[in-house]
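Listed below, chain by chain, are the residues.
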Amino acid sequence: MEIQNFSQLLIFGSFLGLVGWTIINQVGRTQLKVKTREDWLIDVAGLTIQGILIPLLQATLVYWLYQYLLPIQQGYLKISLIPAFITSFVVVDYLYYWNHRLLHTKLLWNVHKVHHTITQMDVLGTSRNTVWTSLLIVYLWIHTLFLYLLADPTGYLLGVSLTSALDLWRHSDLIISPNTKLYQFLSSWLILPQDHAWHHCREVPNYNYGANLKIWDKLHGTYYESKNLPSIIGIPSSLNLFQKLLFPF
């Protein structure tokens, strides 16, 4: 229970901190002012689904599904803290890389493209998506599976929490200056907000699919490097609000 509380605190604290940064930052305040009512509705809906409904779904229906399919495997995996963390932060990150690339294929692009309608990087747009897109994200299924199988999920939950906090950060406008030692330390291996901004760029599509680590993009030739931010992000969309939320076709 303590690790679950810490996990929730880390994610919620990161969200509040980044929202606070957006409000006190002049550029961030301007971005919030120009958001349309429709964008506000979609973003709030996405954050509600990702922050409340998906965890509830994981704790009930998906967990019950694994109890039904794997009745004697609950708590079967006995892995110490560090390997469990690596499984969550590194191994699952690689699964997400391919999951994300699949969402950009012709087959599934329609159910992901609403996320790419954001025209400015701000933390509120992190979970912008069609409401049922999360069902196609590997996190829903693989996280619940490992939490069901692990005898001690502490390390795994730490990885989940850090991944979620980083997801919020890389969608924000809290940029680390390239002239700092922190940037030099992080930029060689961690996906930074400027890296993810290029993923949302119209000019350089189909790059930087990774969530936590850059190694997957570098390994598979989908990494685009730039210390600067793109001039234009987001794709135009003719979908109405109903289509964006429920039927993006």
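Right above here is the structure, for reference.
Peer 1: Sorry, what's going on with the packing of helix H4 (residues 81-103) against helix H5 (residues 138-149) here?
Peer 2: Between two packed helices, the angle of one axis relative to the other and the distance separating the axes together describe the packing. It is at 10 Å that the axes of H4 and H5 come closest, and there the two elements cross at 150°. In terms of orientation, H4 and H5 fall into the roughly antiparallel class. Handedness of the H4/H5 crossing: right-handed. On H5, the residues that touch Thr87, Ser88, Val92, Leu95, Tyr96 and Asn99 of H4 are Val138, Tyr139, Ile142, His143 and Phe146.

Peer 1: What is the right way to look at unusual backbone geometry in this model?
Peer 2: Peptide bonds are, in most cases, trans, and in most cases residues other than glycine have a negative phi. One non-glycine residue, Asn208, lies in the positive phi region at around 55°. In this fold, Asn208 is placed in the loop between helix H8 (193-199) and helix H9 (215-219). Taking relative accessible area as the criterion, Asn208 reaches 0% and is therefore assigned buried.

Peer 1: Hey, could you run me through the pattern of salt bridges in this one?
Peer 2: Should their charged atoms come close, side chains of opposite charge can pair. Under the counting rule described, the total for this entry stands at seven salt bridges. Between Lys35 and Asp43 there is a salt bridge, with its nearest N and O atoms 2.4 Å apart. On the basis of relative accessible area, Asp43 is assigned to the buried category, the value being 1%.

Peer 1: I tried to follow the environment of Gly51 on my own but got confused; where do I start?
Peer 2: Assignment of secondary structure puts Gly51 in helix H3 (residues 37-69). Linking Gly51 and Leu41, residues ten residues apart in sequence, is a C-alpha distance of 15 Å.

Peer 1: I'm lost on the environment of Ile137 in this one. Help?
Peer 2: By the secondary structure assignment, Ile137 is in the loop between H4 and H5. Once the C-alpha coordinates of Ile137 and Leu95 are considered, the two residues, 42 residues apart in sequence, prove to be 10.0 Å apart.

Peer 1: Explanation requested: H3 in the structure shown.
Peer 2: Since one α-helical turn is 3.6 residues long, residues separated by three or four positions face the same way. At Gln58, H3 shows its maximal kink, close to 40°. Three or more residues of H3 are buried, namely Asp39, Ile42, Asp43, Gly46, Ile49, Ile54, Gln58, Val62 and Tyr66. Of the surrounding elements, those touching the buried residues of H3 are H5 and helix H10 (241-245).

Peer 1: Hey, could you run me through the packing of aromatic side chains in this one?
Peer 2: Each aromatic ring pair is specified by the distance between its two centres and by the angle formed by the two planes. All told, the structure shown has 13 aromatic pairs when counted by the stated rule. Measuring from ring centre to ring centre gives 5.3 Å for Tyr63 and Tyr148, while their planes differ by 80°; the resulting arrangement is edge-to-face. Of this pair, Tyr63 sits in helix H3 while Tyr148 sits in helix H5, and the two are 85 residues apart along the sequence. The class of Tyr148 is buried, set by a relative accessible area of 1%. On the basis of an interplanar angle of 55° and a centroid distance of 4.9 Å, the ring pair of Trp198 and Tyr224 is categorised as tilted.

Peer 1: Please clarify how the environment of Asn110 should be interpreted in this entry.
Peer 2: Relative to the helices and strands, Asn110 is located in the loop between H4 and H5. The exposure class of Asn110 is partly exposed, given its relative accessible area of 28%. Considered as a pair, Asn110 and Arg128 are 18 residues apart in the sequence and their alpha carbons are 14 Å apart. Within the structure, the side chain of Asn110 is placed 3.1 Å from the side chain of Lys113, a separation counted as a polar contact.

Peer 1: Where do I start with a nonpolar patch on the surface in this structure?
Peer 2: Residues Leu65, Tyr68, Leu69, Leu135, Leu136 and Trp141 make up a contiguous nonpolar surface patch of roughly 600 Å² in combined accessible area. Element by element, the count of residues in the nonpolar patch is highest for H3, at three residues. On the basis of relative accessibility, which here comes to 51%, the residue Leu69 falls in the exposed class.

Reading the values: rules and limits
- Residues numbered from 1 in each chain as written.
- Predicted model: local features only at pLDDT ≥ 70, side-chain atom pairs only at ≥ 80, totals over all residues.
- Heavy atoms only, no water.
- Axes fitted to C-alpha atoms, helices over the stretch in contact; angles between N-to-C directions.
- Helix = DSSP H or I, 4+ residues; strand = E, 2+ residues; numbered from the N terminus.
- Parallel < 35°, antiparallel > 145°, perpendicular 65-115°, else oblique.
- Left-handed = near helix turned anticlockwise from the far one by under 90°.
- Contact = heavy atoms within 4.5 Å.
- Buried < 20%, exposed > 50% of the residue type's maximum accessible area, 1.4 Å probe, protein only.
- Salt bridge = Lys/Arg side-chain N within 4 Å of Asp/Glu carboxyl O.
- Bend = angle between axes of the 7 residues up to and from the residue.
- Phe/Tyr/Trp six-rings, centres within 6.5 Å; stacked < 30°, edge-to-face > 60°.
- Polar contact = N/O pair within 3.5 Å; in protein donor to acceptor, adjacent residues only side chain to side chain.
- Patch = residues over 30% accessible without salt bridge, like charges linked within 9 Å, V, L, I, M, F, W, Y side chains within 5 Å.
- Areas by Shrake-Rupley, 256 points an atom, 1.4 Å probe, with all protein chains shown as cover.

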